[in-house]
Structures are given as C-alpha cells and as structure tokens.
Amino acid sequence: MHAIAPTRPTKARPIKARTTRMKQCRIELVASPTAPVEARQQVRAVISVWGVPVETETAELLVSELVTNAYRHDAGEWITLAIQRRHGVLRVDVHDSASGRPEAAAGAGVPEARESPEDRDEFDDIPGEGESGRGLLIVETLADEWGFYRTEIGKAVFFALHYSE
C-alpha cells in the first residue's frame, strides 16, 4: 500500500499595497452621433465616483469636443476614453483609428499643443461665421494641458485638468 503524504499548506504572504491616488479606467464608445453625449455622461460619472475636485462642466465640454472631432474625422467603429487620475491631474485620452493630425475646420488652423494657453489671444483663429472648427481652440483655452500622439492603430488626443489634492 502506498501512502500519499498530505499536502502542506502554503504560507500566505500578505501583499503590501502601496497607497496611491492613481485611478484609471477605459471606456469603449461606438463611433456614432451619440458618442459625445455618452462621453460626457461617462466623464461626469467617473469624476463623481472618484471625487475629483475639477469643474465637471469643463471636463464634459472638453471630452465632448474631442469625441466629436474623432467621430467627424473618421474614428473607425470605436472611440476609446482612457480616464486617469494621478497626482493632482485628471487626464482624458480619446483614442480613435484615424492616423492624421487633429483637425479644425478649414481656415481655423490647428493650435499648437502646449502646456499653458495664457500666452495666446484665445479668439485669434476663430472663423467668422463658421459653426464648427472651434473645438480644438476650446480645448486649448480650457485645458491645463493638451496634445496628441500616434498609437498602433491611429491616434489619441488628450486633455488634462489640474487640481489641488
């Protein structure tokens, strides 16, 4: 008869969790005319749940502008929001599958991405009677930081709002 030794219990080692104020989430949106509305709702919900002390209306407006641009300029089937809170900054990246540079309406130009819009007259490049083309100008004016970068499948345009912790 062969006896099998009992299995030894393993020692459970507690995992030391670092205290961090970083939170992040990704949200997939169908690229459709309703995507900006859904993006605003999602950003509002995340800000509320995380208790981020930023102007919710500003964050909603900024994400709406970026998602609208993504949808209007061939986003593909999906738009992804990557929302992150870390070290006094709320950052929202809007990913799409378009590979081009972010665009404004004809004649409006694309403002340069920079960290602070204080050194610019915020209404310089607004087309006279145009109904569109102001999205990136709004982003540049209201965001503490904004910019874009290429990804494996397209690009991401982001904005950041700073706050005191």
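First, a word on scope: everything that follows refers to the structure included in this document. Every chain is numbered on its own, with residues counted from 1 as its sequence reads. For this predicted model, a pLDDT threshold of at least 70 governs which residues receive local features, and a threshold of 80 or more governs which side-chain atom pairs are given and counted, while totals over whole chains, interfaces and linings are taken from all residues. For side-chain calculations, the full set of non-hydrogen atoms in the structure is used, while hydrogens and water are omitted.

## A closer look at the pairing of strand β4 (residues 145-150)
Here is step 1: One bridge is not enough; two strands pair if DSSP finds at least two bridges between them. Numbered from the N terminus, helices here are DSSP runs of H or I no shorter than four residues, and strands are runs of E no shorter than two. Bridging between β4 and strand β5 (residues 155-162) involves six bridges; their strand directions are antiparallel. Paired with Gly 147 across the bridge in β5 is Phe 158.
Here is step 2: Counting the residues in the hairpin turn of β4 and β5 gives four residues.

## Brief notes about the packing of aromatic side chains
Here is step 1: What counts as a ring pair is set by centres within 6.5 Å for rings of Phe, Tyr and Trp (its six-membered ring), and what kind of pair is set by the plane angle: stacked under 30 degrees, edge-to-face over 60, tilted for all other angles. In this structure the tally under the stated criterion is one aromatic pair.
Here is step 2: Between Tyr 149 and Phe 158 the ring centres are 6.4 Å apart and the planes differ by 40°, which places this aromatic pair in the tilted class.
Here is step 3: The rule is simple: take the accessible area with a 1.4 Å probe, protein chains only, and divide by the maximum for that residue type; under 20% is buried, over 50% is exposed, in between is partly exposed. You can call Tyr 149 partly exposed: its relative accessible area is 29%.
Here is step 4: We classify Phe 158 as buried; its relative accessible area is 12%.

## Brief notes about the pattern of salt bridges
Here is step 1: The working definition used for a salt bridge is a side-chain nitrogen of Lys or Arg within 4 Å of a carboxyl oxygen of Asp or Glu. Tallying each qualifying case throughout the model produces three salt bridges.
Here is step 2: Across the pair Asp 96 and Lys 155 runs a salt bridge, and its minimum N-O distance is 3.2 Å. Highlighted residues: Asp 96 in strand β3 (residues 89-96) and Lys 155 in strand β5, separated in sequence by 59 residues.
Here is step 3: According to the relative accessible area criterion, Lys 155 is buried, its value standing at 6%.

## What about the nonpolar core?
Here is step 1: Residues Val 63, Leu 81, Ile 83, Val 94 and Phe 159 are the most contacted members of the largest nonpolar core, which totals 31 residues.
Here is step 2: Within the residue set of this core, elements represented by two or more residues are β1 (23-30), α1 (35-50), α2 (56-72), β2 (78-86), β3, α3 (135-142) and β5.
Here is step 3: Note on contacts: a residue pair is in contact if any heavy atoms of the two residues lie within 4.5 Å. With residues up to four places along the chain from it excluded, the contact list for Val 63 reads Ala 39, Arg 40, Val 43, Leu 81, Val 92, Val 94 and Phe 159. Put simply, buried Ala, Val, Leu, Ile, Met, Phe, Trp, Tyr and Cys residues joined by side-chain atoms within 4.5 Å make one nonpolar core.

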